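For reference, the chains in residue letters:
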Amino acid sequence: FVGFQNKWDTMLDSPPLLLLLLLFASPSGAQPPNPEQHKEVLISSSGQPFPWNHMRLPKTVSPLHYDLGIHPNLTTLDFTGVVRIQLQVHEDTGVIVLHAKQMQITEALLLAPEGVRPLRVLEYPPFHQLALLSDTLLTRGRTYEVLLGFAATLSDSFHGFYRSSYHTSSGAVRVLASTQFEATFARAAFPCFDEPAFKAKFTIRIIREPRHIAVSNMPTVKTVALPGGLLEDHFDTTVKMSTYLVAYIVSDFLSVSRTTQRGVKVRRLMKTLLRHPLSSSQTGSVEIWEERGVVLLPADLAAIPDFQSGAMENWGLTTYRETALLYDPDKSSPSDKLAITKVIAHELAHQWFGNLVTMEWWNDLWLNEGFAKFMEFISVNVTNPELHVDDFFLGKCFEAMEVDSLPSSHPVSTHVENPMQIQEIFDDVSYDKGACILNMLRDFVTPEAFEIGIIRYLRRFSYQNTVSRHLWESLTDVSAHVHTHRKHTEFCSARNRPSGASKWYSGDELDVQAIMDTWTLQEGFPLVTVEVRGREVRLSQERYLKTDEFLWQIPLTYVTSASSTIRRFLLKTKTDVLYLPQEVDWVKFNVDMSGYYMVHYEGDGWNAIINLLQHNHTVLTSNDRASLVHDVFQLVSVGKVRLDTALELSLYLSRETETMAVTQGFQELVPLYKLMEKRDMAALENRMKSYIVDLFRGLIDRQEWTDSGSVSERVLRSYLLLFGSVRNYPPCVEKATQLFNAWRASGGHMSLPVDVTMAVFTVGARTPEGWDFLFERYRTSLQMSVKSRMKVAMAFSPLQGKLTRMMEQSLRGEVMKLQDLPDVLVTISRNPHGYKLAWDFLRANWHTLIKKFDLGTSLVAYMVNGVTNQYSTTEMLDEVKLFFGSLTEETGSEMRCIQQTYETIGDNIRWMDAHLPHLQAWLDKRSSHTVHEDL
């Protein structure tokens with residue numbers, strides 16, 4: 001699904017949930033503009049001229065230290081505070097411009113060596129800016145302090161300093177206050193210089209009632225009793241860091257803790273009714289980096305009942321959705337464990353990539369998020385090898401390519417200025433494409449050189465801000481000394497294979513920046529066309545889907561029928577030729593999909609590969625097989641390959657057993673009948689469903705309804721049994737019905753195998769009685785992972801009244817929380833009985849949704865794209881355009897996700913018009929197979 005930003009990966013990294021969603025399913029901005037360039041005068045809220053007219057803050061002063069005192073009132077749901085900011089003056093000035101959003105400034109003083117002076121305050125709300133006007137000049141080179149008193153209401157969204165709540169086991173409502181400041185929401189909690197380059201130290205004090213606890217980025221130094229029975233917690237001073245990493249929580253949480261081998265305390269905080277032990281996987285990533293000599297701050301991990309994203313890397317106090325942190329060995333599935341471990345690894349990776357070394361401006365967000373996404377796979381592969389996390393890296397690249405193929409995509413490093421633009425780039429391009437090009441670079445320079453260069457980068461720029469060039473310089477310095485002959489080891493290979501000599505390591509060629517600029521400064525990705533003529537391999541590159549004259553430097557890898565040794569070639573020009581030592585039967589480029597590009601095999605190339613897969617598919621790794629399935633179907637869309645060629649290749653899947661290749665088969669085949677659903681083509685739709693069931697029937701029949709086997713085997717089992725149940729494959733439906741009835745008869749107390757619960761719940765939710773029972777169990781359950789499976793199963797019920805009830809419940813935040821509404825909405829939109837309901841709900845509640853989730857955020861994009869991206873008729877495109885075209889800029893008309901939606905529906909219409917006859921004809925040839933009309 002296009003445009004879904006990956007910080008909210010927790011749910012989507014679960015293959016069964018992915019299946020349900022599938023089934024139903026130019027860079028700049030590093031410096032602010034010169035104020036002399038624009039003479040427009042802005043008018044402050046008081047009617048007076050505002051002394052600054054740019055979205056970015058001036059650099060006349062910068063903060064050195066914040067002394068911040070906060071007093072939240074969890075009864076009246078507001079807060080007051082005082083902040084003293086120590087400033088360094090870089091240019092003589094009488095004006096200090098900083099950020100504040102939706103707060104009352106109650107006091108403003110300049111604390112200078114000459115004495116205390118009042119400051120006049122002007123506000124310009126559209127830019128979230130305050131101007132503090134001094135009647136004396138602040139002199140260059142000197143330091144001053146400003147003191148600001150402020151008051152505001154705890155936010156009812158998921159950003160800034162916001163309120164959250166939960167129900168105890170007795171039904172009582174408990175309220176807490178928590179923060180979420182990335183990217184531009186610290187300014188809603190206290191006046192500050194809310195841009196990442198304005199790093200400073202923070203000393204925080206929080207006033208609370210004795211029944212609450214307070215936590216922040218640093219450990220508590222002391223607690224002081226105040227008049228009126230209140231307590232004030234004083235926290236140690238932080239290291240130098242950006243405002244978006246500040247965090248504090250006031251709650252009645254309990255905590256459990258562990259200490260790593262080197263003495264770093266890792267503490268987890270959660271509401272009292274959830275008491276799971278702190279698992280080794282939650283400290284493992286810390287210990288990886290300790291081994292590399294990097295000293296860590298003490299770490300708190302807090303599970304927040306209301307949380308928009310998956311997690312947030314606040315330095316020393318990482319915050320999580322409950323489903324992204326809380327793991328129960330008896331109730332959580334292997335997919336849950338994989339997702340939780342990856343999210344924790346992602347946030348801990350941020351302690352270096354983002355916190356210690358921070359991008360200078362949001363245009364290089366990928367330096368934070370691409371690295372953290374990449375490192376989550378690296379670290380989990382070390383700490384939890386049994387999870388086989390490398391099996392799932394490929395999916396990140398495919399997800400990135402889906403959004404990156406659209407005309408509305410953006411470069412990895414891209415110009416952004418206002419808060420909505422900043423929020424919008426927390427997407428698959430920054431996260432997943434960023435991770436994929438880093439993986440390609442690691443393979444290119446060797447893992448050994450990559451690690452040395454990264455450690456050098458972190459040490460050189462600790463507590464500083466960087467741009468992409470600094471990373472390339474660190475890697476070029478190391479990589480220039482890499483020998484031509486080296487052993488090849490790459491983390492996402494299914495097996496290690498010998499690597500051949502490479503021409504790209506000669507000293508005069510290795511320019512990491514020149515290579516990587518082609519991947520970060522232009523959007524999209526290359527399609528490499530390969531034509532084999534005897535020993536000659538002709539190569540050409542073009543931008544996938546577009547005719548733009550983009551050129552990439554592409555680190556090509558390939559194996560052949562004659563040798564499994566990985567050969568390498570750096571394609572730097574539009575066309576080139578390489579020569580093989582001998583003629584071969586087939587060649588496979590982009591080994592294990594370590595490169596971020598697609599490959600088209602011209603001439604007889606695809607036929608040779610199809611023949612190989614049909615007769616000896618295990619000669620290629622599972623990643624290679626998955627990438628071939630992906631590429632051949634994507635190439636149908638651009639007219640490079642006929643649909644019947646792609647379908648012929650898919651026939652080999654009847655012998656496939658590896659998770660990544662099987663799931664990619666579903667990812668390519670299921671959308672074909674989902675597009676038909678929207679055109680009321682029941683006969684052809686059923687034939688396509690029948691083909692897919694027949695293709696995987698043998699593998700489904702071999703699945704046991706137990707929790708036995710390896711993690712990969714268990715993940716695949718959940719996926720297959722769910723698919724069989726959703727598609728009404730009789731053996732699956734019968735077994736799921738039997739198990740649901742027994743579970744329901746036990747009052748929900750019977751222990752079901754974890755791996756089969758999604759299939760069981762989905763079948764059970766088809767009847768009113770079954771749905772109501774699931775809803776009641778959802779209401780009373782304390783197990784987050786079990787509730788997640790119930791929620792998705794209920795959202796795929798054919799009972800339309802129940803679906804409407806779910807959406808309304810989620811919007812009210814009563815039984816189902818508001819944070820779950822996007823997931824509920826998108827899952828219902830994948831339901832053939834619910835997609836129209838979801839679209840109507842999105843339109844009817846649009847203004848409420850953008851207020852709660854904020855314009856430009858990943859969840860707004862997720863809802864927009866998720867609800868509409870399987871539409872395939874001009875009538876629906878017109879309806880979508882009519883609604884979004886009626887919006888104003890203030891209500892979201894400029895969001896990139898709207899343009900993505902138009903493009904995706906247009907692509908769907910063109911695909912259907914062009915390829916339905918070919919699909920019909922190909923299925924006609926297989927007409928001897930039984931068509932299951934009820935599938």
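For the chain, the name recorded in an unreviewed UniProt entry is Aminopeptidase, with Takifugu rubripes as its organism. Quoted verbatim from the Subcellular location (unreviewed entry) field of the UniProt record, the comment on the chain reads "Endomembrane system".

A.B. asks: For the overall build of the chain, give the residues involved together with the corresponding values.
C.D. replies: A count of helical and extended segments in the chain gives 28 helices and 32 strands. A burial count over the chain gives 65% of its 935 residues as buried. Total accessible area on the chain stands at roughly 32,300 Å², and carbon and sulfur atoms take up 49% of it.

A.B. asks: Let's hear about the pairing of strand S27 (residues 536-543): which residues, and what values?
C.D. replies: Looking at chain direction, strand S26 (residues 526-533) and S27 are connected through eight bridges and run antiparallel. Each residue of the ladder has a partner; that of Val-530, found in S27, is Leu-539. As consecutive antiparallel partners, S26 and S27 are separated by two residues, and within that stretch Gly-534 has a phi angle of approximately 65°, a positive value. In terms of strand pairing, S27 meets strand S30 (residues 575-579) through five bridges, oriented antiparallel. Residue pairing for S30: Arg-538 is matched across the bridge by Val-577.

A.B. asks: Quick rundown of unusual backbone geometry? Include the residues and the values.
C.D. replies: Of note, the bond from Glu-182 into Ala-183 is cis; its omega dihedral lies within 30 degrees of zero at 5°. For Ala-183, the location among the structural elements is in the loop between strand S12 (173-180) and strand S13 (201-208). For His-128, which is not glycine, the phi torsion reads 55° and is therefore positive. Among the structural elements, His-128 can be located in the loop between strand S8 (120-124) and strand S9 (129-138). Looking at His-128, the relative accessible area reads 14%, which means it is buried.

A.B. asks: With reference to specific residues and values, describe the UniProt feature "site: Transition state stabilizer" (unreviewed entry) in the chain.
C.D. replies: Here, the residues flagged by UniProt with the feature "site: Transition state stabilizer" (unreviewed entry) are Tyr-431. Turning to its location among the elements, Tyr-431 is positioned in helix H8 (residues 428-445). Relative accessible area serves as the criterion here: at 0%, Tyr-431 is assigned to the buried category.

A.B. asks: If you had to explain the packing of helix H12 (residues 605-616) against helix H13 (residues 622-637) to someone new, which residues and values would you point to?
C.D. replies: Taken N-terminus to C-terminus, the directions of H12 and H13 make an angle of 140°; their axes are 12 Å apart at the nearest point. The orientation of H12 relative to H13 falls into the category oblique. Between H12 and H13 the crossing geometry is left-handed. Residues Trp-606, Ile-609 and Leu-613 of H12 pack against Arg-625, Leu-628, Asp-631, Val-632 and Leu-635 of H13. By residue class, the composition of the contact of H12 with H13 is six nonpolar, no polar and two charged.

A.B. asks: How would you summarise the nonpolar core if you had to cite specific residues and measurements?
C.D. replies: By size, the foremost hydrophobic cluster in this structure holds 284 residues, and its most contacted members are Phe-190, Tyr-248 and Phe-589. In terms of residue count, helix H28 (residues 896-925) provides more of this core than any other element does, eleven residues in total. Residues Ala-303, Tyr-320, Leu-326 and Met-784 belong to the second largest nonpolar core, which totals 13 residues.

A.B. asks: Now, about the sheet that holds S9: what can you tell me, with residues and values included?
C.D. replies: Spatially, S5-S9-S8 is the arrangement adopted by the three strands of the open sheet, whose pairing is antiparallel. If you trace the sheet from one side to the other, it starts and ends with strand S5 (93-99) and S8, each paired once. The average undirected angle you get between the axes of adjacent strands in this sheet is 25°. Relative to S9, S8 runs antiparallel, the two being bridged by five bridges. Within S9, the residue paired with Arg-120 across the bridge is Leu-133.

A.B. asks: How would you explain helix H18 (residues 730-745) if you had to name every residue and give the values?
C.D. replies: Compared with an ideal rise of 1.5 Å per residue, which puts 16 residues at 22 Å, H18 spans 22 Å between its outermost C-alpha atoms and is within 8% of the ideal. Buried-residue contacts for H18 involve helix H16 (682-701), helix H17 (711-726), helix H19 (757-764), helix H20 (768-780) and helix H21 (784-795).

A.B. asks: An account of the sheet that holds S13 is needed here, citing residue identities and associated values.
C.D. replies: Spatial ordering of the open sheet is given by S7-S6-S10-S4-S3-S13-S16-S15, a layout of eight strands whose pairing is mixed. Strands at the two margins of the open sheet, each flanked by one partner only, are strand S7 (115-118) and strand S15 (220-225). Each strand of the sheet is rotated relative to its neighbour by a mean of 20°, with strand direction disregarded.

A.B. asks: Describe the UniProt feature "active site" (unreviewed entry) in the chain, listing the residues and the values that go with them.
C.D. replies: As annotated by UniProt and renumbered to match this structure, "active site" (unreviewed entry) occupies Glu-347. Looking at the element boundaries, Glu-347 is found in helix H4 (residues 334-350).

A.B. asks: Explain the layout of surface pockets residue by residue, including any values.
C.D. replies: Taken as a whole, the second largest pocket encloses approximately 1,200 Å³ of empty space. Broken down by element, the residue count for the lining of the second largest pocket peaks at five residues, all from helix H7 (residues 419-424). Residues that form the lining of the second largest pocket fall into these classes: 15 nonpolar, 15 polar and ten charged.

A.B. asks: Outline the pattern of salt bridges, supporting the account with residue identities and numerical values.
C.D. replies: With the rule as written, the count across this model stands at 46 salt bridges. Between Glu-376 and Lys-342 there is a salt bridge, and its shortest N-O distance comes to 2.8 Å. With Glu-376 in helix H5 (residues 366-383) and Lys-342 in helix H4, this residue pair connects regions lying 34 residues apart in the sequence. Because the salt bridges share partners, they merge into one network encompassing Arg-321, Lys-791, Asp-820 and Asp-823.

A.B. asks: For the state of the cysteines, give the residues involved together with the corresponding values.
C.D. replies: All chains considered together, the criterion is met by one disulfide. Cys-397 shares a disulfide with Cys-436; S-S distance 2.2 Å. Residues Cys-397 and Cys-436 share a disulfide whose torsion about the S-S bond is about -110°; that sign makes it left-handed. Of the two residues, Cys-397 sits in helix H6 (residues 393-404) while Cys-436 sits in helix H8, which places them 39 residues apart along the sequence. The residues Cys-397 and Cys-436 share a single accessibility class, namely buried.

A.B. asks: Give me the packing of H19 against H21: which residues, what numbers.
C.D. replies: The interhelical angle for the contact between H19 and H21, taken along N-to-C directions, is 40°, at an axis separation of 8 Å. Put simply, H19 runs oblique to H21. Two packed elements cross with a definite hand, and for H19 against H21 that hand is right-handed. Touching Thr-757, Met-758, Phe-761 and Thr-762 of H19 are Val-786, Arg-789, Met-790, Val-792 and Ala-793, all from H21. Taken together, the residues of the contact of H19 with H21 sort by class into six nonpolar, two polar and one charged.

Conventions we followed
Residues numbered from 1 in each chain as written. Predicted model: local features only at pLDDT ≥ 70, side-chain atom pairs only at ≥ 80, totals over all residues. Heavy atoms only, no water. UniProt positions renumbered as here; feature names shortened; annotations may be inferred. Helix = DSSP H or I, 4+ residues; strand = E, 2+ residues; numbered from the N terminus. Buried < 20%, exposed > 50% of the residue type's maximum accessible area, 1.4 Å probe, protein only. Areas by Shrake-Rupley, 256 points an atom, 1.4 Å probe, with all protein chains shown as cover. Pairing = 2+ DSSP bridges. Axes fitted to C-alpha atoms, helices over the stretch in contact; angles between N-to-C directions. Parallel < 35°, antiparallel > 145°, perpendicular 65-115°, else oblique. Left-handed = near helix turned anticlockwise from the far one by under 90°. Contact = heavy atoms within 4.5 Å. Nonpolar A, V, L, I, M, F, W, Y, C, P; charged D, E, K, R; others polar. Core = buried A, V, L, I, M, F, W, Y, C linked by side-chain atoms within 4.5 Å. Expected span 1.5 Å × (residues − 1). 1 Å grid on protein atoms, 1.4 Å probe; cavity = no way out; pocket = protein on both sides within 12 Å on 5 of 7 lines; lining within 4 Å. Points joined across faces, edges and corners; volume = space filled by probe spheres on them. Salt bridge = Lys/Arg side-chain N within 4 Å of Asp/Glu carboxyl O. Disulfide = S-S within 2.5 Å.

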